[in-house]
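# Coordinates in review
So the chains spell out like this:
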Amino acid sequence: SFMFTQCDNLKRIDLSTWNTKNVTNFTEAFSECGNLESVDLSSWTMGSETSNQSRESSIFEGCEKLKSISLGELGRFSEFSGLPPIPLSDKYTGEWIGLDTGKIYSSSDDFMINYDGSVPDTYVWKKKSAYVISYNFVTDKNSSKGLPEEIMRLLPAPLREIDDKAVVESPTLSTTRVIFPEGAWTFKGWDNALVTISGADVQVTGVWEFTPKITSQSIVTETVHFVSDNGRVLMPAFSQKVMIVSLIDQASGKRIYYFKLIDHSSPSVDPYEKLDASWNTGAASFPAIAYPAVKDYHVISTTDSAGDLTQITAQNVDDKSADLEFTVTYAQNTGAVTVPTDDVPAKPIQNPSTSTDVTPQSKPVKRTLPRTGENESEAVFLAGSGMLGLGALELLLKKRQQNPNQ
């Protein structure tokens, strides 16, 4: 008793964490707190059937400005609580109203005598010209499912006793994504984030979107090798990956497949992720791959069953397909000079679907004589010169034998 008696500077107090189960005397707990406007007693236990009413008397005696009281299921009072009547004016009706429930008590005496804990709430003075902001949930236009009870329980309570011209921000939900076995509901936002009261009640609508759960996902890889007819690798292999996912359409109950080409580093997809416009529906496929041009070489065969010597044709795959692997074989053009197979391979191409001048590192043929170390061309020149000299000498000797006097 007398806990806060005559605390004139006390305006607001939150005692919702107090456990008063074993308290037996609340007499004049807040009496003569002339400036007290708000008190939270939502956890208090008072007014049990065995308690003495006199020990709860005059709790609010002299609290003329007290206009907000939060009560729980066990916070009960009596006609002796001393709660002052609400002053009649052009602003207030003299009634108490629950902010969340809208429960109305006609007077302070009615409030203290008849509040039984069945409608716990924060009760305030009811205004004559006050408005209500209520909230509603709907599904987005693409969602065919109704909102489950777990979502509706997140609906905020109405805001009551809002003055005209007041500007009120719509509440932030404590949970904006709810996972279910068949998919996820995601809160997309309010249709009116900032409400301005203009002489009428307002309803604000929040939109939820349903995303079906991705029930399967797989990755298929296509690899193409580029080699010469003698087995030499002309350039690094090219590969691409396609991811295939499926989900159950809620409207039709049918399984729908989606696919897209992905980077080699792409992670798996969140099962509750909403698929964006980068995904394609229907049968998955790899696009055709044009063979890259290699200088001095031409394509002679491919392991692609289509047998096209210009490209690997588009390949259809599904979530059960094995990885695809193809080899494109090139032959050297007639008259082109080749190099030993242990030479440095060609540089990798950036995109094999476009022509590129990737040329094997060919070297001019250079031979040396085994003993002299001379170039073959030099030796041929010297040998030719020597033979011409010998021929001229032989001709001169024949002429002298025919004419010994010369």
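First, a word on what this report is: a plain description of the structure on this page.

### Points about the environment of Val233
Assignment of secondary structure puts Val233 in strand β15 (residues 233–248). Accessibility expressed as a relative area gives 46% for Val233, which makes it partly exposed. Sequence spacing of Val233 and Thr329 is 96 residues, and the spatial spacing of their C-alpha atoms is 9.4 Å.

### A look at the sheet that holds strand β1 (residues 12–14)
Note: strands within a sheet are paired through backbone hydrogen bonds, in either parallel or antiparallel orientation. Taken together, six strands build an open sheet; the order of strands is β1-β2-β3-β6-β4-β5 and the sheet is mixed. Two strands lie at the open edges of the sheet, namely β1 and β5 (104–105), each paired on one side alone. Where β1 and strand β2 (residues 38–41) come together, three bridges link them in parallel fashion. What sits directly across from Arg12, in β2, is Ser38.

### A few points about the pairing of strand β23 (residues 324–332)
Two strands pair when backbone bridges link them, and strand β14 (residues 214–228) and β23 are joined in this way by seven bridges, in the parallel orientation. Counterpart to Thr223 in the pairing with β23 is Glu325. Examined bridge by bridge, strand β20 (residues 297–302) and β23 share five bridges and lie antiparallel to one another. Along β23, the bridge assignment pairs Tyr297 with Gln332.

### Overview of the pattern of salt bridges
Opposite charge on two side chains permits them to pair, given that their charged atoms come into close proximity. All chains considered together, the criterion is met by eight salt bridges. Lys127 is the salt-bridge partner of Asp163, the closest N and O atoms lying 2.9 Å from each other. With Asp163 in the loop between β8 (159–162) and β9 (167–169) and Lys127 in strand β6 (residues 121–127), the pair connects residues that are 36 residues apart, well separated along the chain. On the accessibility criterion, Asp163 (33% relative accessible area) is partly exposed. Classification of Lys127 by relative accessible area gives buried; the value is 14%. For the salt bridge of Asp319 with Lys320, the shortest nitrogen-to-oxygen distance reads 3.9 Å. On the basis of relative accessibility, which here comes to 22%, the residue Asp319 falls in the partly exposed class. Overall, Lys320 belongs to the exposed group, its relative accessible area being 69%. One network of salt bridges, with partners in common, ties together Lys188, Glu209 and Lys274.

### Quick word on unusual backbone geometry
Even without glycine at this site, Glu161 takes up a positive phi of about 60 degrees. Within the element layout of this structure, Glu161 appears in strand β8.

### Observations concerning the side chain of Glu222
Relative to the assigned elements, Glu222 resides in strand β14. A polar contact of 2.7 Å, which involves the side chain of Glu222, links it to the side chain of Gln240. Excluding anything up to four places from it in sequence, Glu222 contacts Phe238, Ser239, Gln240, Phe286, Pro287, Ile289, Ile312, Gln315, Leu324 and Phe326.

### So, the environment of Leu159
Tracing the sequence through the fold places Leu159 in strand β8. Its relative accessible area of 32% is what places Leu159 among the partly exposed residues. Once the C-alpha coordinates of Leu159 and Leu99 are considered, the two residues, 60 residues apart in sequence, prove to be 6.4 Å apart. The contacts of Leu159, once residues within four sequence positions are left out, are Tyr131, Val132, Ile133, Tyr135 and Val168.

### Topic: the nonpolar core
Within soluble globular proteins, side chains that are nonpolar tend to cluster in buried spots. The biggest cluster of nonpolar side chains holds 30 residues, and the ones touching the most others in it are Phe30, Leu41, Phe60, Ile69, Trp96 and Phe111. Discounting chain neighbours no more than four positions away, the residues touching Phe30 are Phe4, Ile13, Leu15, Leu36, Val39, Leu41, Trp44, Ile59, Phe60, Glu61 and Cys63. Formed by 19 residues, the second largest nonpolar core is a distinct cluster that contains Tyr131, Ile151, Trp185 and Trp190.

### Focus: the sheet that holds strand β11 (residues 183–190)
Here we have five strands laid out as an open sheet, ordered β8-β7-β13-β11-β10, and mixed in their pairing. Two strands close off the open sheet at either side, each with one partner strand: β8 and β10 (177–180). Strand-to-strand twist across the sheet, computed as the mean angle between neighbouring axes with direction ignored, equals 25 degrees. Inspection of the sheet shows β11 paired to strand β13 (residues 202–212) by seven bridges, in the antiparallel sense. Across the sheet, Gly183 pairs through a bridge with Pro212, a residue of β13.

### A word on the state of the cysteines
Throughout the structure, instances matching the rule amount to zero disulfides. Looking at the unpaired Cys63, the closest cysteine sulfur is the one in Cys33, lying at 5.2 Å. Residue classification places Cys63 among the buried residues on the basis of a relative accessible area of 1%.

Criteria and thresholds
One numbering rule holds for all chains: residues counted from 1, following each sequence as written. With the structure being a predicted model, the display of local features is reserved for residues of pLDDT at least 70 and the display and counting of side-chain atom pairs for 80 or more, all residues being used for whole-chain, interface and lining totals. Hydrogens are left out, water is left out, and the side-chain values use all remaining heavy atoms of the structure. Note on conventions: DSSP H or I runs of at least 4 residues are helices, E runs of at least 2 residues are strands, and numbering of each starts at the N terminus. Whether a residue is buried, partly exposed or exposed follows from its accessible area with a 1.4 Å probe, protein chains only, as a fraction of its type maximum: under 20%, in between, or over 50%, in that order. Pairs of strands are assigned from DSSP output, requiring at least two bridges between the strands. Salt bridge, as used here, is a side-chain nitrogen of Lys or Arg placed within 4 Å of a carboxyl oxygen of Asp or Glu. Here a polar contact is recorded for every N or O atom pair within 3.5 Å, except that within protein the pair must consist of a potential hydrogen donor and a potential acceptor, and residues adjacent in sequence are included only if both atoms are side-chain atoms. The contact criterion used throughout is that any non-hydrogen atoms of two residues lie within 4.5 Å. Take the buried residues of types Ala, Val, Leu, Ile, Met, Phe, Trp, Tyr and Cys, join any two whose side-chain atoms come within 4.5 Å, and each joined set is a nonpolar core. As a rule, the C-alpha atoms of each element are fitted with a line to give its axis, helices using only the stretch in contact, and angles between N-to-C directions run from 0 to 180 degrees. Throughout, disulfides are identified as pairs of cysteine sulfur atoms within 2.5 Å of each other.

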